[in-house]
Amino acid sequence: MELRINQKTYQVEADADTPLLWVIRDDLGLTGTKYGCGLAQCGACSVLVDGNLVRACVTPVAGVVGREVTTIEAIEDDAVGKRVVAAWVEHQVAQCGYCQSGQVMAATALLKHSAKPSAEQIDAAMVNLCRCGTYNAIHAALHDLAEGGNA
């Protein structure tokens with residue numbers, strides 16, 4: 001099947017119900033998207049599909065044929081994604097960093113849908129788990145971006 005990932009076209013051999021995460025990581029070698037829980041609960045596997053946040057661990061690969069998938073490897077090619085990454089650096093969000101690719105994808109999706117999200121929108125959108133507890137730094141970075149910070 002033909003997949004469009006990070007603005008490149010790939011031919012992959014996979015069963016239709018294979019989770020997108022395994023195709024991204026194992027077949028294409030794009031390892032920035034992480035395996036966390038495998039149950040769509042933690043968000044480490046988050047990618048964008050047509051600009052919407054999707055949990056790749058439970059998304060069948062056949063479901064993204066003909067759609068544009070963006071992984072963390074290409075997030076800085078997007079103007080909003082680039083601002084999110086800069087804010088993450090400025091606010092020193094990452095500790096261990098394992099969940100951060102998913103966090104950045106969630107923040108980018110939020111800001112692409114609402115350029116100036118309210119505190120409630122930020123709380124509702126940023127539900128990925130972080131074992132290091134960087135939630136305060138994540139929220140500070142997003143509030144800065146929502147207030148027009150160029151981080």
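Residues numbered from 1 in each chain as written. Predicted model: local features only at pLDDT ≥ 70, side-chain atom pairs only at ≥ 80, totals over all residues. Heavy atoms only, no water.

Under an unreviewed UniProt entry, the name given to the protein is (2Fe-2S)-binding protein, and the source organism is Pseudomonas muyukensis.

Draft legend 1. Quick peek at the environment of Thr108. When you line up the elements, Thr108 lands in helix 3 (residues 100-113). Here the alpha-carbon distance between Thr108 and Asn52, two residues 56 residues apart in the chain, equals 9.4 Å. Residues within four places of Thr108 in sequence aside, it is in contact with Leu48, Ile75, Asp78, Val80, Gly81 and Val84. (Helix = DSSP H or I, 4+ residues; strand = E, 2+ residues; numbered from the N terminus. Contact = heavy atoms within 4.5 Å.)

Draft legend 2. Main features of unusual backbone geometry. For Gln7, which is not glycine, the phi dihedral falls at a positive 65°. Take Gln7: it is sitting in the loop between strand 1 (2-5) and strand 2 (8-11). Residue classification places Gln7 among the exposed residues on the basis of a relative accessible area of 61%. Phi at Gln92 takes a positive value of approximately 50°, unusual for a residue other than glycine. Among the secondary structure elements, Gln92 is positioned in the loop between helix 2 (79-90) and helix 3. (Buried < 20%, exposed > 50% of the residue type's maximum accessible area, 1.4 Å probe, protein only.)

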